[in-house]
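# Structural overview for review
Single-letter residue listing:
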Amino acid sequence: MTRNNSHISRRNALRTVAGATLVSVAGCLNDGGNSGTSGSETTASDSEEPLKRVTVEGTALVVELSAEADIDQVNLIQPNGELFGKRDVAAGAQQVSFEIGTAYEPGEYRVVALKGEETVAESTTDIEPEIRILDVGLYRNNPDKPWDEVYGESQTNSKKNGEAFVTVQNTGSGPDATVELRFTGDVPNPIENPRGRGIYETDSVVVPAGETVDLFSDSFPFGSEIGDEGMGCSTDGNSGQFTVVLETQVTGQEVAKSHNVEYTGSDGMQNCEITISEA
């Protein structure tokens, strides 16, 4: 389940969303029309230039064409030099797009405009995601989050109190998806292999380039039942450190961030005061 920084429905919070918000992250043509610059949105200086702009919007690469473009095909070439796809250009069309999803090969892509067999113009752009963890929080400390929309109103506060959210950001130039969420170390319920891969009611969550998204846990990491290796609450206070680990789809890498945690004020987790801070 996801949550962007505005109020959204439960369905949007729980399901992969592809391309809901326009995020321009790729480059456009220079004056010579031979290359694009990642992260910029410049238009061609020559009004006759067929490739006007190349951007990534959600999970699609979008190629905008000038009104005067005299081409009949646009090809997208992958970083390995192989053809990713081709689009026919109808007369008067000013845009074509390629759905790259979250299973593409990151790297430099080449957009080629053709008239018959002749290459009319080219543009290159880097498509590469970069996921990082911004924040971690609990229900009891963040009641403003849409917990009822995510977990449902029927679930007790005790259940919600044991779950957590993790805010992630994609600072790269291409979309990615998180496919696993784990909490290890000094939490009451550390699980190396959480059920359902640890994200509530979904197998993956798309994080478009430039977007910030909330992931919601499904492994009860701060639950009232303390696991064999977990840390619980104490009236005198217990302190430790836990690590949030994400697995990403496009790069296949793990993203991890550690946090300090303190449990105090009670002998049980239900009424425990939990303080999380940057490690």
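Structure shown above.
The model shown is predicted, which means the values in this text are computed figures rather than measured ones. (Residues numbered from 1 in each chain as written. Predicted model: local features only at pLDDT ≥ 70, side-chain atom pairs only at ≥ 80, totals over all residues. Heavy atoms only, no water.)

## Let's talk about the nonpolar core
Definition in use: Residues belong to a common nonpolar core when they are buried Ala, Val, Leu, Ile, Met, Phe, Trp, Tyr or Cys residues joined through side-chain atoms within 4.5 Å. Think of it in three bands: residues with accessible area under 20% of the maximum for their type are buried, residues over 50% are exposed, and the middle band is partly exposed, with areas taken using a 1.4 Å probe on protein chains only. Each helix corresponds to a stretch of at least 4 residues labelled H or I by DSSP, and each strand to a stretch of at least 2 residues labelled E; elements are numbered beginning at the N terminus.
By size, the foremost hydrophobic cluster in this structure holds 27 residues, and its most contacted members are Val168, Phe183, Phe222 and Tyr263. Sorting the residues of this core by element identifies strand E8 (131-138), strand E9 (164-170), strand E10 (176-185), strand E11 (205-207), strand E12 (212-216), strand E13 (238-248) and strand E14 (254-264) as the ones contributing at least two each. It is E8 that contributes the most residues to this core, four residues altogether. Among the nonpolar cores identified, the runner-up in size contains 20 residues, and Leu51, Val56, Ile71 and Val96 belong to it.

## Quick look at the sheet that holds strand E1 (residues 51-57)
Definition in use: Pairing between two strands is assigned when DSSP locates at least 2 bridges connecting them. Only C-alpha atoms enter the line fits that serve as axes; for helices the fit covers just the stretch in contact. Angles between N-to-C directions range over 0 to 180 degrees.
With respect to topology, three strands assemble into an open sheet ordered E1-E2-E5, the strand pairing being antiparallel. What marks the edges here is a single partner per strand, and that holds for E1 and strand E5 (95-99). Between one strand axis and the next, the sheet turns through 15° on average, direction left out of account. Sheet analysis places E1 next to strand E2 (residues 60-65), joined by six bridges and oriented antiparallel. Each bridged residue has a counterpart across the sheet, and for Val56 the counterpart in E2 is Leu61.

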